[in-house]
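Read off the chains here:
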Amino acid sequence: MARARPKDVLVAALTLLAARLQPGRRRRRMRELTVPAGPPSPGAELLVLGLLAAATICAVAFIVVYALDRLPGQTQLLGLSIGLAFLCIAAAFVVAAKRLVVSEQNEDDYPAEEHPEEQETIGEVVEDSGSRLTRKRLLTLGAAAAGGSLGLALITPAVSLGPVFDTSSFYGTPWRRGRRLVDENGRPYHASEIEESALYTAFPQGADREELGSSVVLVRLPPAALDLPHANAGYAADGIVAYSKICTHAGCAISLYRTPLFPPASPGPPALVCPCHYSTFDPATAGTVLFGPAGRKLPMLPLLIDGRGDLRAAGNFDEPVGPSWWGVRLRGPNP
Amino acid sequence: MIRRLVRALDQRSGSAPFIRKTLRYLFPDHWSFLLGEVALYAFVILVATGVYLTLFYTDGTTDVVYHGSYVPLQGQHMTEAYRSVVNISFSVKAGLLIRQTHHWAADVFVAAITLHMLRVFFTGAYRKPRELTYWLGLTMLLAALLEGYLGYSLADDLLSGMGLAIGNAVALSIPFVGANLGALIWGGPFPGKHEFFARMYVAHVFLLPVLIATLLAVHLLLVALRHHTQFKRGPRETERKIVGVPTFPGQTPRSLGLFFAVAGVLFLLGGLAQINPIWLWGPFHTFSSTNGAQPDWYLGWLIGALRLVPSFDLVIGGYTLVPNPFWGGAAFPLIVFTFLYLWPWLERRWSGDDAFHNLLDRPRDAPGRTAIGVGFFTWVFLVFVAGSADRIDVLFNISYTSQIWAYRVAALAAPPITAFIAYRVCRELQAGEIVERERTRAEREAVAARRGAETA
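Here the structure is a predicted model, which is why all the values come from computation and not from measurement.

J.: Is there a simple way to think about the overall build of chain A in this case?
T.: On a plain count of helices and strands, chain A comes out with five helices and twelve strands. With respect to the three principal axes, the spread of C-alpha positions in chain A is 135 × 80 × 40 Å. Total accessible area computed for chain A in this model is approximately 19200 Å², and 61% of it derives from carbon and sulfur atoms.

This is how it looks when you write it as structure tokens:
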């Protein structure tokens, strides 16, 4: 047997390789395409490449802008660069979807509406599984009792969240007879510094100002304009009246005097207005509602002027303070 | 390469049949189907930007004095929470971009869900077999509203405090249990115990996002199991045959394109369009408020409702049965959502239509539904617009009180009118189509007859 020459071996190997590859390729080409072919679109490919390049530049720009210190408008530049990077990629995908990727409109069956056999089997499995049970109703009752009480037990710790059964704190205010009215800096209000057509905010001296029952508004009305009902007779001191600053509707602070966003010259009596829902209260008539959604009048604080001319509370509010709840009319604020 | 990867995956998970089906799942091609996707992508952006914000935010309500880089607030008393949000805005690099993008994404998220819901309503997409999908969507809308409100409240600026005060008042106004519920959630009267902020925080960054993500997963699963609905656009679409673009390759670049577009727009907004500049509002105190305050748009309908209700509490012998904020803040949204939840069932009862529906109606195809929907949403929309009456007063000098009275009347009178108009429009469009069809048929017959005469 003659020794095969290297060249022959090489030729034979290549032929074999070609033979191995050829039919495979042909087979692959001959199979029906799962996704139909379409014409190439080099222009669109170029566009996508351009958009991806733009996205790259924008993303790098974001990093550069971030790295720079004390850049004016840094937030704007950061937003612009990252936003444009995203939008360039978005555009690249849209171009790809519209012009590069094969677009098919295929048909398919909707899933079966239902599977009656399986439904039947499930029912049978559940029914048949209970064949050994003789007191089904009793067991169901027992399971319901156990499950229900366990569920109840598991939610019981939620009571720790807050005093769910004790709502007495809603009646609380820090006002007592003799308590001084101070301004935001803790300085006592002198009766003579309260002027007409101005709104003052006052707090009880030494109390927590954030408590809803704390803050009051002070206004001075001409004595002739005051028209307090019997229950509130003597609440005003030298024409000065004080009301809870917390709106009885939704608990916002009453920070407007006169009328809601109305031109200052609009007709109508002076009014205390909450800017949340424009509940409007009449300071001349113990805080009755003139307009807006509030369902009850503003709580009024009785005032007195002490020997030094400073304003002090002559007692507590005539009604509980803050937004209404079921018990708001059951009794007065904490004595 | 790809075959080797698929083979390896299939051998280990047996998922090749599932992947094959997923790749060839069909998406009917209509722009209105993208609204839900926009919501999904906004949610992704919300989670991403939100996680970043949690790395800097603190929920503390301890009183601190500000000494940061924003000069106008220097030396002011505020809570740790508010200070941390001011710091995110000024001291954290890219913090303001992420915060504003997060806020914009929240607004877009709720807007996309709402529009998606309107599309589903007016095309009858909620009908059997897709009621569950619809109810999950509505629940997500509710969760999104609460989630947005909590996020807005966590900043603890003046406006968020006012929003919380209103939320507290609405909770207190619930008949029989209001004060107890308020005491439970806030730990006492407003502004409540320190723990309240920790409660809001965990709800905002964990409970509600997990709830939304879970509902979202089930929502999408149900969509896939029942397949998309579709409009009848030709002879190929039927109740049994769906026509559309497969997930891969057709739909994938479309969806990715939409995702990147949503992300791009949100980051552009976050960078270029200022939203909720909390440093201007200042810190919240129970005794402070500001005029002209407007909440995020998706709470506008509740502000409007709270403002429209006339002054009264329902009182029985000293017991306050229904405090006023209940009507606008609780009863109104309750009615709106109850109607939306019940609607598929109501319609099935009234129409007696218990069939499977894969083909969508155009609004004109169901004049009754369209009329009821138009009337209903006119009502909600008018209440929503009423929430802006104070701004209209400032901008156009139209008296606030007159506007409120006008809205009170319009909210009651307009819905039946718009419903009637919508019904007539639907009927006219239907009639027009019949006439058009008849004319085309007659013309075709005439042409055929003439040809017949010529050949004879």
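J.: Help me out: how do you make sense of the domain arrangement of chain A in this one?
T.: A common measure of how large an interface is: the accessible area buried when the components associate. By the assigned domains, chain A splits into domain 1 (26-102 + 117-161) and domain 2 (181-327). Between domain 1 of chain A and domain 2 of chain A, the C-alpha centre-to-centre distance is 55 Å.

J.: What should I look at first to understand the pattern of salt bridges in this one?
T.: Between side chains of opposite charge, a pair can form as their charged atoms come close. Scanning the model with the defined rule gives 28 salt bridges over all chains in all. In this structure, B:Asp361 engages B:Arg369 in a salt bridge whose closest nitrogen and oxygen atoms are separated by 3.1 Å. When its relative accessible area of 16% is taken as the criterion, B:Asp361 is described as buried. Shared partners join several salt bridges into a network, and the residues in it are A:Arg180, A:Asp306, A:Arg308, A:Asp310 and A:Arg312.

J.: Even after reading the chapter, I still don't get the pairing of strand 3 (residues 200-204) of chain A, so can you show me in this structure?
T.: Within a regular strand, the side chains alternate between the two sheet faces. Residues and elements named next belong to chain A. Among the five residues of strand 3, five are classified as buried, and the element is accordingly described as predominantly covered. In strand 3, alternate side chains face the same way, and those of Tyr-200, Ala-202 and Pro-204 on one face and Thr-201 and Phe-203 on the other are all buried. Sheet topology note: the strand 2 (residues 181-182)/strand 3 ladder contains two bridges and is antiparallel. Residue pairing for strand 3: Val-182 is matched across the bridge by Phe-203. Of the pairings in the sheet, the one linking strand 3 to strand 4 (residues 216-220) comprises three bridges and is antiparallel in character. Residue pairing across strands places Thr-201 opposite Val-217, the latter belonging to strand 4.

J.: What is the right way to read the side chain of A:Gln74 from this model?
T.: Relative to the helices and strands, A:Gln74 is located in helix 3 (residues 74-100). On the basis of relative accessibility, which here comes to 15%, the residue A:Gln74 falls in the buried class. For A:Gln74, the contacting residues outside a window of four places in its chain are A:Val65, A:Tyr66, A:Leu68 and B:Lys93.

J.: Even after reading the chapter, I still don't get the sheet that holds strand 4 of chain A, so can you show me in this structure?
T.: Strand pairing within a sheet occurs via backbone hydrogen bonds; the two strands may be parallel or antiparallel. Strand order in the open sheet formed by five strands is 2-3-4-5-10 (chain A), with antiparallel pairing between adjacent strands. The open sheet has two free edges, formed respectively by strand 2 and strand 10 (300-301) of chain A, since each of these has just one partner strand.

J.: Help me understand the state of the cysteines in this model?
T.: One covalent bond between the sulfur atoms of two cysteine residues makes up a disulfide. Residue and element names in this part refer to chain A. Inspection of every chain in the model, using the stated rule, returns one disulfide over all chains. Each sulfur of the disulfide joining Cys-252 and Cys-276 lies 2.1 Å from the other. The disulfide joining Cys-252 to Cys-276 has a torsion of about -75° about its S-S bond and is therefore left-handed. Here Cys-252, found in the loop between strand 5 (240-244) and strand 6 (256-257), pairs with Cys-276, found in the loop between strand 7 (272-273) and strand 8 (280-282); they are 24 residues apart in sequence, far enough to count as distant. Cysteine Cys-58 shares no disulfide, and the gap to the nearest cysteine sulfur, in Cys-88, comes to 4.7 Å.

J.: Explanation requested: helix 12 (residues 300-308) of chain B in the structure shown.
T.: Count 3.6 residues to each turn of an α-helix, and residues three or four apart come out pointing the same way. Burial analysis of helix 12 of chain B places nine of its nine residues in the buried class, the great majority of the element. Of the residues making up helix 12 of chain B, those classed as buried are B:Gly300, B:Trp301, B:Leu302, B:Ile303, B:Gly304, B:Ala305, B:Leu306, B:Arg307 and B:Leu308.

J.: Can you help me understand the confidence of the model for chain A in this one?
T.: Of all residues in chain A, 90% attain a pLDDT of 70 or more, and the chain-wide mean is 89. Scored below 50 in pLDDT, residues 259-265 of chain A makes 17 contacts in the model with residues more than four places away or belonging to other chains.

J.: Is there a simple way to think about the layout of surface pockets in this case?
T.: Rolled over the atoms, a probe sized like a water molecule indicates the empty space that remains. All names here are of chain B. Computed from the structure, the second largest pocket encloses a volume of approximately 1200 Å³. In this structure, the second largest pocket is lined by 42 residues; those nearest its centre are Leu-146, Tyr-149, Gly-167, Val-170 and Leu-302. At the level of secondary structure, the elements contributing two or more residues to the lining of the second largest pocket comprise helix 6 (131-154), helix 7 (158-172), helix 8 (178-186), helix 9 (195-226), helix 12 and helix 13 (325-351).

J.: How do you make sense of the pairing of strand 5 of chain A when you look at a structure like this?
T.: Residues and elements named next belong to chain A. The buried count for strand 5 comes to five of five residues, which makes it a mostly enclosed element. Of the strand pairs in this sheet, strand 4 and strand 5 are connected by five bridges, and their pairing is antiparallel. Across the sheet, the residue bridging to Val-219 is Val-241, located in strand 5. As paired strands, strand 5 and strand 10 are joined by two bridges and run antiparallel to one another. Bridging across to strand 10, Ala-242 finds its partner in Leu-301.

J.: Please explain the interface of chain B and chain A as it appears in this structure.
T.: Across the contact, 97 residues belong to chain B and 84 residues belong to chain A. Put simply, chain B and chain A have five salt bridges between them. A per-element tally of the side of chain B that touches chain A places helix 10 (residues 247-272) of chain B first, with 16 residues. Here the residues of the side of chain B that touches chain A sort into 47 nonpolar, 33 polar and 17 charged. Relative to strand 4 (residues 241-246) of chain B, strand 1 (residues 106-109) of chain A is paired through four bridges, and the arrangement is antiparallel. In the sheet register, A:Asp108 faces strand 4 of chain B, and the bridge partner there is B:Ile242.

J.: I'm lost on the sheet that holds strand 8 of chain A in this one. Help?
T.: Residue and element names in this part refer to chain A. Pairing in this open sheet of four strands is antiparallel, and the strands run 6-7-8-9 from one edge to the other. The sheet terminates laterally at strand 6 and strand 9 (288-291), the two strands that pair on one side only. As defined by bridge partners, strand 8 adjoins strand 9 across three bridges and the pair is classed as antiparallel. Bridge pairing in strand 9 links Phe-281 to Val-289.

J.: Can you walk me through the packing of helix 3 (residues 34-54) of chain B against helix 9 of chain B in this structure?
T.: Any two packed helices are characterised by the angle at which their axes cross and by the distance between the axes. All names here are of chain B. The contact between helix 3 and helix 9 brings their axes to 12 Å, and the two run at 155°. The angle between helix 3 and helix 9 falls in the class roughly antiparallel. The chirality of how helix 3 crosses helix 9 is left-handed. Along its contact with helix 3, which presents Leu-40, Phe-43 and Thr-54, the element helix 9 presents Tyr-201, Val-205, Pro-209, Ile-212, Ala-213, Leu-216 and Leu-220. When the residues that make up the contact of helix 3 with helix 9 are grouped by side-chain class, the tally is nine nonpolar, one polar and no charged.

J.: What exactly am I supposed to notice about the nonpolar core here?
T.: One recurring pattern in soluble globular proteins is that nonpolar side chains are buried together. The biggest cluster of nonpolar side chains holds 164 residues, and the ones touching the most others in it are A:Leu181, A:Leu218, A:Leu272, A:Leu303, A:Leu311, B:Phe109 and B:Leu340. Sort the elements by how many residues they give to this core and helix 5 (residues 95-122) of chain B lands first, with 13 residues. Both domains that furnish three or more residues to this core are identified here as domain 1 (26-102 + 117-161) and domain 2 (181-327) of chain A. What A:Leu303 contacts, discounting residues up to four positions off in sequence, is A:Leu181, A:Leu218, A:Gly234, A:Tyr235, A:Ala236, A:Ala237, A:Ile240, A:Val241, A:Ala242, A:Leu311, A:Arg312 and A:Ala314.

J.: Sorry, what's going on with the packing of aromatic side chains here?
T.: The geometry of two aromatic rings is summed up by the distance between their centres and the angle between their planes. What the rule picks out here adds up to 44 aromatic pairs over all chains. The ring of A:Tyr66 is capped by B:Lys93, whose NZ or CZ atom sits 5.1 Å from the centre of that ring. One cation-aromatic arrangement involves B:Arg408 over B:Trp405; the distance from NZ or CZ to the ring centre is 4.5 Å.

J.: Would you mind showing me how to read the side chain of B:Arg408 here?
T.: Residues and elements named next belong to chain B. Relative to the helices and strands, Arg-408 resides in helix 16 (residues 400-455). This buried residue, Arg-408, is left without a salt bridge; Asp-313 holds the nearest opposite charge, at 12 Å. Looking at Arg-408, its side chain comes within polar contact range of the main-chain oxygen of Leu-308, at 2.6 Å. Ignoring sequence-local partners within four residues, the contact set of Arg-408 consists of Arg-307, Leu-308, Val-309 and Pro-310.

Criteria and thresholds
Residues numbered from 1 in each chain as written. Chains lettered and ligands numbered in written order. Predicted model: local features only at pLDDT ≥ 70, side-chain atom pairs only at ≥ 80, totals over all residues. Heavy atoms only, no water. Helix = DSSP H or I, 4+ residues; strand = E, 2+ residues; numbered from the N terminus. Areas by Shrake-Rupley, 256 points an atom, 1.4 Å probe, with all protein chains shown as cover. Domains from an automatic or database assignment. Salt bridge = Lys/Arg side-chain N within 4 Å of Asp/Glu carboxyl O. Buried < 20%, exposed > 50% of the residue type's maximum accessible area, 1.4 Å probe, protein only. Pairing = 2+ DSSP bridges. Contact = heavy atoms within 4.5 Å. Disulfide = S-S within 2.5 Å. pLDDT = per-residue confidence, 0-100. 1 Å grid on protein atoms, 1.4 Å probe; cavity = no way out; pocket = protein on both sides within 12 Å on 5 of 7 lines; lining within 4 Å. Points joined across faces, edges and corners; volume = space filled by probe spheres on them. Nonpolar A, V, L, I, M, F, W, Y, C, P; charged D, E, K, R; others polar. Axes fitted to C-alpha atoms, helices over the stretch in contact; angles between N-to-C directions. Parallel < 35°, antiparallel > 145°, perpendicular 65-115°, else oblique. Left-handed = near helix turned anticlockwise from the far one by under 90°. Core = buried A, V, L, I, M, F, W, Y, C linked by side-chain atoms within 4.5 Å. Phe/Tyr/Trp six-rings, centres within 6.5 Å; stacked < 30°, edge-to-face > 60°. Lys NZ or Arg CZ within 6 Å of the ring centre and 35° of its normal. Lys, Arg positive; Asp, Glu negative; His and termini not counted. Polar contact = N/O pair within 3.5 Å; in protein donor to acceptor, adjacent residues only side chain to side chain.

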